[in-house]
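Each chain, letter by letter, is given below.
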Amino acid sequence: MTLPKVAKSLGFTGMSLYRHVGSKDELLTLMTDAALGVPPDLGSADWRGGLRAWAFEQRAVFLRRPWLTRVPISGPSSGPNQIAWMEAALAAMSGTGLDWVHKISVLSLIGGYVLQSVRQQSELAEGRGEGRDQAGAERDHARALARLVDPERFPETARLFSSPLFEAPPSGAPGEGATVADADFSLGLELILDGVAVRIGRPAP
């Protein structure tokens, strides 16, 4: 959508909008920063708990506003709220001994994981259609593939779809009423944090 179209949808002329923003990218940057809001107090004394809380809090924002996951990334964080989220993650890693290169890499890795997982969750929900939950869709899919996958050609995949994995209720995510998506996100995040812990524990060269 172009700026003139945005202006028209808001009931203004294109020139009036150009007095406030210079381009579509600038408008998206302002919208993204406003939608992110200020990060909450992570309330954790250790780096792992802090980064875990940071990831879950950002995920909650993206789940409320999934359009954020589809905004093109045109450059590094620049808005005050984006900087505040960066500050929160960096503060959580302040006592780890990681250098700046590794801290930025960890921040980018976790931030990218949060964004992609929410985008995937949103796209899967759109593909399922109204009234179908993820657990039921995965169970039906696994049951169908268990009948169709040739165990001689794809032995491990056949074992996967014939296992009780997709029949079991979701587990592994914090809080009451965890969904399959919550459990999947939590597991992936813990795997990333395990890798960060290994890097933190490795002696500097």
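Residues numbered from 1 in each chain as written. Predicted model: local features only at pLDDT ≥ 70, side-chain atom pairs only at ≥ 80, totals over all residues. Heavy atoms only, no water.

Undergrad: I tried to follow the overall build of the protein chain on my own but got confused; where do I start?
TA: Counting its secondary structure elements, the protein chain contains nine helices and zero strands. Shown N-terminal to C-terminal, the secondary structure of the protein chain runs as helices and strands in the order α-α-α-α-α-α-α-α-α. A separation threshold of at least 6 residues defines the contact pool for the protein chain, and within that pool the share at least 24 residues apart is 66%. (Helix = DSSP H or I, 4+ residues; strand = E, 2+ residues; numbered from the N terminus. Contact = heavy atoms within 4.5 Å.)

Undergrad: It is not clear to me how the pattern of salt bridges should be interpreted in this structure. Could you clarify?
TA: Following the criterion strictly, the structure yields six salt bridges and no others. For the salt bridge of E190 with R48, the shortest nitrogen-to-oxygen distance reads 2.9 Å. With E190 in helix 9 (residues 180-201) and R48 in helix 4 (residues 47-64), the pair connects residues that are 142 residues apart, well separated along the chain. R48 gets classed as buried once you look at its relative accessible area, which sits at 18%. (Salt bridge = Lys/Arg side-chain N within 4 Å of Asp/Glu carboxyl O. Buried < 20%, exposed > 50% of the residue type's maximum accessible area, 1.4 Å probe, protein only.)

Undergrad: Mind showing me how you'd approach the packing of helix 4 against helix 5 (residues 80-92) here?
TA: Between two packed helices, both the angle of their axes relative to each other and the distance between the axes serve to describe the pair. Closest axis-to-axis distance for the helix 4/helix 5 pair is 8 Å, and the angle between their directions is 160°. With respect to each other, helix 4 and helix 5 are oriented roughly antiparallel. Here W47, G50, L51, W54, E57, Q58 and V61 of helix 4 come into contact with helix 5, specifically with W85, A88, A89 and A92. Taken together, the residues of the contact of helix 4 with helix 5 break down into eight nonpolar, two polar and one charged. (Axes fitted to C-alpha atoms, helices over the stretch in contact; angles between N-to-C directions. Parallel < 35°, antiparallel > 145°, perpendicular 65-115°, else oblique. Nonpolar A, V, L, I, M, F, W, Y, C, P; charged D, E, K, R; others polar.)

Undergrad: Even after reading the chapter, I still don't get the nonpolar core, so can you show me in this structure?
TA: Buried together is how nonpolar side chains tend to be arranged in soluble globular proteins. Counting residues in hydrophobic clusters, the biggest one holds 29 residues, and the most contacted among them are L51, W54, F62, M93, V106, I110 and L189. No other element matches the seven residues that helix 4 contributes to this core. Core analysis: the next-biggest nonpolar cluster, separate from the first, contains five residues, A142, V149, F161 and F166 among them. (Core = buried A, V, L, I, M, F, W, Y, C linked by side-chain atoms within 4.5 Å.)

Undergrad: For this particular structure, what's the right way to read the packing of aromatic side chains?
TA: What describes a pair of aromatic rings is the distance from one ring centre to the other and the angle between the planes of the rings. Scanning all chains against the criterion turns up three aromatic pairs. Their ring planes at 75° and their centres at 6.2 Å tell us that W54 and W85 sit as a pair that is edge-to-face. With W54 in helix 4 and W85 in helix 5, the pair connects residues that are 31 residues apart, well separated along the chain. You can call W54 buried: its relative accessible area is 3%. Exposure remark for W85: the relative accessible area of 3% places this residue in the buried category. (Phe/Tyr/Trp six-rings, centres within 6.5 Å; stacked < 30°, edge-to-face > 60°.)

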